[in-house]
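These are the residues of each chain, in order.
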Amino acid sequence: MKIGIIGAGNIGGNLTRRLTALGHDVSVANSRGPHTLTALAEETGATPVTARDAARGAEVVVITVPVKAVPDLPSGLLDGAAEGVAVIDTGNYYPQQRDGRIAAIEDEGLTESRWTERQIGHPVIKAFNGTYAQDILERPRPAGAPDRMALPVAGDDASAKAKVRALIDELGFDTVDAGGIDDSWRQQPGTPVYGLGAGVAEVTKALEQASPERPAEFRA
């Protein structure tokens with residue numbers, strides 16, 4: 001598939017490494033410009049581009065930037081993407097640690113990914129947000145392996161969710177359907193599943209145990 005990755009930090013960089021190794025056509029962008037991605041491009045064979053070009057023609061777009069940077073993404077970012085593009089949001093809201101106060105999340109009770117949808121004008125699938133970046137490289141396992149990790153995946157678009165779950169399976173992880181985007185609070189920071197790194201049964205249980213009240217350390 002043609003995949004665009006916007007954000008070349010730990011998660012974005014390691015997804016670039018794995019997805020290119022699997023044979024996908026990956027374009028990668030960051031906020032500092034394609035010229036700063038030369039080393040990653042040489043390592044992986046990915047194409048360094050601008051954010052807008054990363055989405056152009058892409059069947060999957062991964063947005064993996066700090067939440068506070070989402071409004072700075074180019075207007076109409078996804079206008080040139082392939083029809084039916086699946087957009088993966090890996091973001092987490094860290095108001096005290098990084099992002100500052102976002103009123104719609106704090107006051108309206110929006111999930112982080114619902115807020116992101118509003119910023120970019122396109123539905124998203126929330127995945128990889130509670131996954132350690134190193135696990136993307138070190139924890140893939142074949143289907144059926146007893147120690148295969150499962151990742152929660154939330155989203156409203158059934159077709160896009162199926163595409164993302166299939167891609168995650170190809171990467172070497174199981175998935176658990178975590179519901180729609182309004183249910184994605186179950187996998188936000190401070191919930192039992194966040195950073196859990198366990199299998200399907202444990203992830204399913206952790207999602208059920210989540211509380212809708214945002215922990216104090218993840219409130220402004």
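Please read these numbers as outputs of a predicted model, since none were measured by experiment.

What counts, and where the lines are drawn
Residues numbered from 1 in each chain as written. Predicted model: local features only at pLDDT ≥ 70, side-chain atom pairs only at ≥ 80, totals over all residues. Heavy atoms only, no water. Helix = DSSP H or I, 4+ residues; strand = E, 2+ residues; numbered from the N terminus. Rg over C-alpha atoms; globule rule 2.2 N^0.38 Å. Buried < 20%, exposed > 50% of the residue type's maximum accessible area, 1.4 Å probe, protein only. Contact = heavy atoms within 4.5 Å. Core = buried A, V, L, I, M, F, W, Y, C linked by side-chain atoms within 4.5 Å. Pairing = 2+ DSSP bridges. Axes fitted to C-alpha atoms, helices over the stretch in contact; angles between N-to-C directions. Salt bridge = Lys/Arg side-chain N within 4 Å of Asp/Glu carboxyl O. Expected span 1.5 Å × (residues − 1). Polar contact = N/O pair within 3.5 Å; in protein donor to acceptor, adjacent residues only side chain to side chain.

Asks: Quick rundown of the overall build of the protein? Include the residues and the values.
Replies: Counting its secondary structure elements, the protein contains nine helices and eight strands. Relative to the 2.2 N^0.38 estimate, which gives 17 Å for 220 residues, the radius of gyration of the protein is 16 Å and therefore close to what a compact globule would have. C-alpha atoms of the protein, sized along the principal axes, occupy 40 × 40 × 30 Å. Across the 220 residues of the protein, 53% fall into the buried class. A fraction of 68% describes how many contacts in the protein between residues 6 or more apart in sequence connect residues 24 or more apart.

Asks: Describe the nonpolar core, and please don't skip the residues or the numbers.
Replies: Residues Ile5, Leu15, Leu19, Phe128, Val164 and Ile168 are the most contacted members of the largest nonpolar core, which totals 28 residues. Broken down by secondary-structure element, the contributors of at least two residues to this core are strand S1 (2-6), helix H1 (10-21), strand S2 (25-29), strand S4 (60-63), strand S5 (86-89), helix H7 (133-138), strand S7 (150-155) and helix H8 (158-171). In terms of residue count, the dominant contributor to this core is H8 (five residues). Among the nonpolar cores identified, the runner-up in size contains 27 residues, and Val70, Val87, Tyr93 and Leu110 belong to it.

Asks: Give a description of unusual backbone geometry that names residues and reports values.
Replies: A positive phi angle is found at phenylalanine 128, which is not glycine, with a value near 70°. One can find phenylalanine 128 in the loop between strand S6 (125-126) and H7. Here phenylalanine 128 falls in the buried class, since its relative accessible area comes to 4%.

Asks: Describe the sheet that holds strand S8 (residues 174-177), and please don't skip the residues or the numbers.
Replies: Strand pairing in a sheet takes place through backbone hydrogen bonds and is either antiparallel or parallel in direction. Strands sit in the order S3-S2-S1-S4-S5-S6-S7-S8 across an open sheet of eight strands; the sheet is mixed. The open sheet has two edge strands, strand S3 (47-48) and S8, and neither has a second partner. Alignment of S5 against S6, held across two bridges, turns out to be parallel. Counted as the bridge partner of isoleucine 88 is isoleucine 125 from S6. Against the sheet, helix H6 (residues 112-120) contacts S4, S5 and S6, and its axis sits at roughly 130° relative to S5. In the packing of helix H9 (residues 200-209) onto the sheet, the strands contacted are S7 and S8, and the crossing angle to S8 comes to about 25°.

Asks: Help me get a handle on the pattern of salt bridges, residues and values and all.
Replies: Applying the stated criterion to the full structure yields 15 salt bridges. Residue arginine 118 is joined to glutamate 108 by a salt bridge in which the shortest nitrogen-to-oxygen separation is 3.5 Å. With arginine 118 in helix H6 and glutamate 108 in the loop between helix H5 (103-106) and H6, this residue pair connects regions lying 10 residues apart in the sequence. The exposure class of arginine 118 is exposed, given its relative accessible area of 53%. Arginine 148 is the salt-bridge partner of aspartate 174, the closest N and O atoms lying 2.6 Å from each other.

Asks: Before we move on, could you go through H1 and cite the residues and values that matter?
Replies: Over its 12 residues, H1 extends 17 Å from the first C-alpha to the last, a length consistent with the 16 Å expected when each residue adds 1.5 Å. Of the positions making up H1, those classed as buried are Ile11, Gly12, Gly13, Asn14, Leu15, Thr16, Arg18, Leu19 and Thr20. Tucked inside the fold, the buried residues of H1 contact S1, S2, helix H2 (38-44), S4, H7 and H8. Two residues or fewer after H1 comes glycine 23, characterised by a positive phi angle close to 100°.

Asks: Requested: an account of the pairing of S4, with residues and values cited.
Replies: Residue alternation in S4 divides its side chains into two sets, Val60 and Val62 and Val61 and Ile63, and both sets are buried. Pairing of S1 with S4, which is carried by four bridges, proceeds in the parallel orientation. By the bridge assignment, isoleucine 3 is partnered in S4 with valine 60.

Asks: Before we move on, can you summarise the side chain of asparagine 30 with the specific residues and values?
Replies: By the secondary structure assignment, asparagine 30 is in the loop between S2 and H2. The exposure class of asparagine 30 is buried, given its relative accessible area of 17%. A distance of 3.1 Å separates a polar atom in the side chain of asparagine 30 from the backbone nitrogen of arginine 32. A polar side-chain atom of asparagine 30 sits 2.9 Å from a polar atom in the side chain of threonine 36. Dropping the residues within four chain positions of it, asparagine 30 is found in contact with Ala8, Thr36 and Leu37.

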